[in-house]
Amino acid sequence: MPWPHMGCEAGRSTGDKMHIPVLLRESVDFLNVRPAGVYADLTLGLGGHAEEILKKIKSGRLIGIDKDMQAIERAKEALEAYGEKLAVFKADFQEAGELIRRQGYNGLDGFIMDLGVSTLQLKTPERGFGFSSEAPLDMRMDRSRGESAADLVNGLPEGELSRIIFEYGEERWAKRIARTIAARREEKRIDTTRLLARVVEDSIPRGAWPPKTHPATRTFQAIRIAVNGEIDALKAALPEMISMLRTGGRAVVISYHSLEDRVVKDTFRVGARPCTCPPDFPKCVCGKKPALRILTPKPVAPSEAEIKSNPSARSAKLRAAEKI
Ligand SMILES: C[S@@+](CC[C@H](N)C(=O)[O-])C[C@H]1O[C@@H](n2cnc3c(N)ncnc32)[C@H](O)[C@@H]1O
């Protein structure tokens, strides 16, 4: 099923920006925060989830990580009152394991990942995540490294662009969009948000435009996921973070895209049922023991009331597991 949403919009007031943390009560309940525990928020954003965790910590610690410098600065400011209970780092969550060990922690009592983009990113035009105003086509969460959206859009072969738009955007017009991009970039580099949005508009017949969203929404989501390597980062980081959990430690992941949710579901399933023996074997001979207990047989979705007050939450799915 297509999930048109681009990510989470998190709800703390940060000047003129608002970020409403998605599934806040549910995620913190699943984390089961112990006052003396060590926790990691691997997608700190503006610190909405982090603040609820910090309220429950007494002598423990929260390690907050985000790869976006702007988010790090805002979160530090917003959570200043929590002093030494919080340690904040700018890093990719793929580097979190090593970073946490370097801080002297050899295990975690829980971690949370709230994937996708933040409102701050979406609503800061010059970051290039949106198309409502003209801006450079960037979309990098970490602006200090990697290729921008403009680099990908102008540099990738047409077939690769088509695959990305189809897989990450679940966009049925992917082939046509990629074809138009390939033709237009011959005339002029597509290096702004409005230019790309117009190419998409021109690729999809008017009658087939989605009724409630802009026709470029899915393409922008797809390019953003590719620019930030979001699926591969999750695939790499989740097993490592699970391996850092102490017995009884909890993993809580909120995703906004079917591919992300599949990675979470499969990773948890492998942790809970690692046995690789053929199904017709009378008993297990591979000796692999479960490391996880799945706490959410079905993903938890936001209530109607939450979606009404925060439409950005509509595609969220929460999964949680406990180390055993
Ligand atoms: C949906 S927001 C999180 C909002 C946060 N829970 C809050 O309540 O304010 C997702 C955040 O994850 C960050 N992020 C995404 N991928 C990341 C990665 N691989 N490593 C570190 N941070 C990442 C983004 O920069 C963004 O700030």
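Every chain is numbered independently, its residues counted from 1 as its sequence is written. Given that this is a predicted model, residues contribute local features only at a pLDDT of at least 70 and side-chain atom pairs are listed and counted only at 80 or more, while totals for whole chains, interfaces and linings are drawn from all residues. Hydrogens and water are ignored here; the side-chain numbers use all heavy atoms of the structure.

Colleague: I'm lost on the pairing of strand β5 (residues 86–90) in this one. Help?
Modeller: Across a regular strand the side chains alternate sides, sitting on one face of the sheet and then on the other. The pairing criterion for strands is at least two bridges between them, as found by DSSP. Secondary structure elements follow DSSP: runs of H or I of four or more residues count as helices, runs of E of two or more count as strands, with numbering from the N terminus. Across five bridges, strand β4 (residues 61–66) lies against β5 in parallel orientation. Across the sheet, G64 pairs through a bridge with V88, a residue of β5. Chirality of the crossover, the property in question, places the unit of β4, helix α3 (residues 69–78) and β5 among those that are right-handed. Convention used here: a crossover is right-handed provided that the path from the first strand, over the helix, to the second strand proceeds clockwise when the strands point away from the viewer.

Colleague: I tried to follow the packing of helix α8 (residues 174–187) against helix α9 (residues 193–203) on my own but got confused; where do I start?
Modeller: Relative placement of two packed helices is described by the angle separating their axes and the distance separating the axes. Axis angles are defined between N-to-C directions and span 0 to 180 degrees, where every axis is a line fitted to C-alpha atoms and, for a helix, only to the segment in contact. Where α8 contacts α9, the two axes come as close as 9 Å, and the packing angle between them is 125 degrees. Between α8 and α9, the angle falls in the class oblique. Helix-helix and strand crossings are classified by hand; for α8 and α9 the assignment is right-handed. Contacts from R176, I177, T180, I181 and R184 in α8 reach L196, V199, V200, D202 and S203 in α9. Under the scheme applied here, ten amino acids are nonpolar (Ala, Val, Leu, Ile, Met, Phe, Trp, Tyr, Cys and Pro), four are charged (Asp, Glu, Lys and Arg), and all others, including Gly, are polar. Residue classes in the contact of α8 with α9 are distributed as five nonpolar, two polar and three charged. The cut-offs work like this: below 35 degrees is roughly parallel, past 145 is roughly antiparallel, 65 to 115 is roughly perpendicular, and the gaps in between are oblique. With the far helix as reference, a near helix turned anticlockwise by less than a right angle produces a left-handed crossing, and one turned clockwise produces a right-handed crossing. Whether two residues are in contact is decided by their heavy atoms, any of which lying within 4.5 Å being enough.

Colleague: What should I look at first to understand the packing of helix α11 (residues 230–243) against helix α12 (residues 258–272) in this one?
Modeller: Running from N to C, α11 and α12 cross one another at 25 degrees; their axes reach a closest spacing of 10 Å. With respect to α12, the axis of α11 lies roughly parallel. Between α11 and α12 lies a crossing of right-handed hand. Each of E230, I231, L234, K235, L238, P239 and I242 in α11 lies in contact with α12, whose residues at this interface are L259, E260, V263, V264, T267 and F268. For the contact of α11 with α12, the per-class residue count stands at nine nonpolar, one polar and three charged.

Colleague: Explain the sheet that holds β5 to me, please; I cannot follow it from the model alone.
Modeller: Pairing in this open sheet of seven strands is mixed, and the strands run β5-β4-β3-β6-β7-β9-β8 from one edge to the other. Looking along the sheet, the strands with just one partner apiece sit at the ends: β5 and β8 (292–294). Between one strand axis and the next, the sheet turns through 15 degrees on average, direction left out of account. The pairing of strand β7 (residues 245–255) with strand β9 (residues 317–323) spans six bridges and is classified as antiparallel. Paired with R250 across the strands is E322, a residue of β9. Packing against the sheet, α11 makes contact with β6 (108–114), β7, β8 and β9, and its axis sits at approximately 160 degrees to β6.

Colleague: I'm lost on the nonpolar core in this one. Help?
Modeller: One recurring pattern in soluble globular proteins: nonpolar side chains tend to sit buried together. In this structure, L42, L108, F111, M113, L238 and F268 are the most contacted members of the largest nonpolar core, which totals 36 residues. The element that contributes the greatest number of residues to this core is α11, accounting for seven residues. The contact partners of F111, leaving out residues within four places of it in the chain, are L31, A40, L42, L238, M241, I242, L245, R250, A251 and V252. By size, the runner-up hydrophobic cluster in this structure holds 29 residues, among which are F131, M141, W173 and I181. Within this scheme, the nonpolar core is defined by two criteria: the residues are buried Ala, Val, Leu, Ile, Met, Phe, Trp, Tyr or Cys, and they are joined through side-chain atoms within 4.5 Å. In this scheme, a residue with accessible area under 20% of its type's maximum is buried, one over 50% is exposed, and one in between is partly exposed, where area comes from a 1.4 Å probe on protein chains only.

Colleague: I keep staring at the state of the cysteines and nothing clicks. Help me out?
Modeller: Disulfides are covalent bonds that link the sulfur atoms of two cysteine residues. Any pair of cysteine sulfurs within 2.5 Å is marked as a disulfide. For the structure on display, the rule yields zero disulfides. No disulfide involves C277; its nearest neighbouring cysteine sulfur is the one of C275, lying 3.7 Å away. Here C284 stays free of any disulfide, with the sulfur of C286 as its closest cysteine sulfur at 3.8 Å.

Colleague: Would you mind going over the side chain of D68 with me for this structure?
Modeller: Tracing the sequence through the fold places D68 in the loop between β4 and α3. The term polar contact refers here to a pair of N or O atoms within 3.5 Å; inside protein, the definition further demands a hydrogen-donor-capable atom paired with an acceptor-capable atom, and it admits residues adjacent in sequence only when both atoms are side-chain atoms. Within the local environment of D68, its side chain forms a polar contact with the backbone nitrogen of Q70, the two atoms lying 2.8 Å apart. Residues within four places of D68 in sequence aside, it is in contact with Q121, R127 and M141.

Colleague: Help me out: how do you make sense of the pattern of salt bridges in this one?
Modeller: As a working rule, side chains carrying opposite charge can pair if their charged atoms are close by. The rule for a salt bridge is simple: a side-chain nitrogen of Lys or Arg has to be within 4 Å of a carboxyl oxygen of Asp or Glu. Within this structure, the stated rule accounts for 23 salt bridges. A salt bridge links E26 to R25; the shortest N-O distance between them is 3.8 Å. Classification of R25 by relative accessible area gives exposed; the value is 57%. Ionic pairing is found between R34 and D109, a salt bridge with its closest N-O pair at 3.7 Å. Of the two residues, R34 sits in the loop between α1 (24–31) and β3 (38–41) while D109 sits in strand β6, which places them 75 residues apart along the sequence. Among the residues examined, R34 registers a relative accessible area of 35% and is labelled partly exposed.

Colleague: Help me understand the domain arrangement of the protein chain, please; the structure alone is not making it clear to me.
Modeller: It is common to give the size of an interface as the accessible area that goes away when the parts come together. Residue ranges for the domains trace back to a domain assignment, done automatically or taken from a database. Here the protein chain is partitioned into domain 1 (12–119 + 231–323) and domain 2 (143–227). Listed as interface residues are ten residues of domain 1 and, on the opposing side, nine residues of domain 2. At the boundary of domain 1 with domain 2, total buried surface from both sides reaches about 720 Å², with 44% on carbon and sulfur atoms. On the surface where domain 1 and domain 2 come into contact, there are one salt bridge. Close ionic contact of E95 with R145 constitutes a salt bridge, the shortest N to O distance being 3.0 Å. For the pair domain 1 and domain 2, the interface holds four residue pairs in polar contact (both at pLDDT 80 or more). Taken together, the residues of the side of domain 1 that touches domain 2 break down into three nonpolar, four polar and three charged. Computed with a 1.4 Å rolling probe, the buried area is the accessible surface lost when two parts are put together, summed over both parts.

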